[in-house]
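# Reading the structure
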Amino acid sequence: MIDFANSTIAKLKPSQPGEDVMSMLVEGEQVFRSFQGSRDSVHFTSKRILCKNVQGITGKKTDYSSLPYSKVQAWSVETAGTFDRDCELEVWFSGLGKVRLEFSGSVDIHVIGRIIGDHVL
């Protein structure tokens, strides 16, 4: 599992989900937004946040972490500013703790907050 406390996920930028991620979706699940770091990715679906962590030098080993919206206790979004051009999402999960993701400043963080809100509230 990804160590979210010491996350090495680079600034996430909009992307498209790969076939490996699409093959993990359950019946009726849809991907709303996908983001890619240097090798890792995060996907916001209709049921969960799916994180892909590519491991090792060759990248052949991959960890997929499924974070269901049903376990979300709280979340926070921080928009980009003048000097700090990155936006951030913090989500607190029951049994896991805080997950922090950083996005490039071009990402509309409000959309991500709305996706979570639609599935939690």
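The paragraphs below set out a description of the structure included in this document. Small disclaimer: the values here were computed from a predicted structure and weren't measured.

Basis of the calculations
Residues numbered from 1 in each chain as written. Predicted model: local features only at pLDDT ≥ 70, side-chain atom pairs only at ≥ 80, totals over all residues. Heavy atoms only, no water. Core = buried A, V, L, I, M, F, W, Y, C linked by side-chain atoms within 4.5 Å. Buried < 20%, exposed > 50% of the residue type's maximum accessible area, 1.4 Å probe, protein only. Helix = DSSP H or I, 4+ residues; strand = E, 2+ residues; numbered from the N terminus. Pairing = 2+ DSSP bridges. Axes fitted to C-alpha atoms, helices over the stretch in contact; angles between N-to-C directions. Contact = heavy atoms within 4.5 Å. Salt bridge = Lys/Arg side-chain N within 4 Å of Asp/Glu carboxyl O. Phe/Tyr/Trp six-rings, centres within 6.5 Å; stacked < 30°, edge-to-face > 60°.

## Notes on the nonpolar core
By size, the foremost hydrophobic cluster in this structure holds 22 residues, and its most contacted members are Phe-44, Ile-49, Leu-89, Leu-101, Phe-103, Ile-112 and Ile-116. Elements with a minimum of two residues in this core: β3 (41-45), β4 (48-55), β7 (87-93), β8 (97-103) and α2 (109-120). It is α2 that contributes the most residues to this core, 5 residues altogether.

## Some thoughts on the sheet that holds β4
If you trace the 5 strands from one edge of the open sheet to the other, you get β1-β2-β3-β4-β5, paired in antiparallel fashion. A strand with exactly one partner marks an edge of an open sheet, and here the two such strands are β1 (13-15) and β5 (61-68). Along the sheet, successive strands turn relative to each other by an average axial angle of 25°, direction set aside. Direction of pairing for strand β2 (residues 31-36) relative to β3: antiparallel, over a ladder of 5 bridges. Looking at the pairing, Arg-33 lines up with Phe-44 of β3. Of the strands in this sheet, β2 and β3 are in contact with α2, which crosses β2 at around 135°.

## Remarks on the sheet that holds β7
Hydrogen bonding along the main chain pairs the strands of a sheet, whether they run parallel or antiparallel. Pairing within the open sheet is antiparallel, and its 3 strands lie in the order β6-β7-β8. One side of each edge strand has no neighbouring strand; the edge strands of this open sheet are β6 (72-78) and β8. Strand-to-strand twist across the sheet, computed as the mean angle between neighbouring axes with direction ignored, equals 15°. Alignment of β7 against β8, held across 7 bridges, turns out to be antiparallel. Bridge pairing in β8 places Phe-93 opposite Gly-97. Running over the sheet, α2 touches β6, β7 and β8 and is turned about 165° from β6.

## Observations regarding the pattern of salt bridges
The tally for this structure, following the rule as stated, stands at 8 salt bridges. Across the pair Arg-48 and Glu-29 runs a salt bridge, and its minimum N-O distance is 2.8 Å. Of this pair, Arg-48 sits in strand β4 while Glu-29 is found in the loop between α1 (19-22) and β2, placing the two residues 19 residues apart along the sequence. In this structure Arg-48 comes out as buried when scored by relative accessible area, which is 11%. The class for Glu-29 is buried, based on a relative accessible area of 8%. Overlapping salt bridges bring together Lys-11, Asp-86, Glu-88, Glu-90, Lys-98, Arg-100 and Glu-102 as one network.

## Brief notes about the packing of aromatic side chains
Summed over all chains, the structure comprises 2 aromatic pairs. With a centroid separation of 6.0 Å and 85° between ring planes, the pair formed by Phe-35 and Phe-44 is classed as edge-to-face. Under the relative-accessibility criterion, Phe-35 is labelled buried at 4%. Exposure remark for Phe-44: the relative accessible area of 0% places this residue in the buried category. Feature note: the residues Phe-35, Phe-44 and Phe-103 constitute an aromatic cluster, connected by ring pairs.

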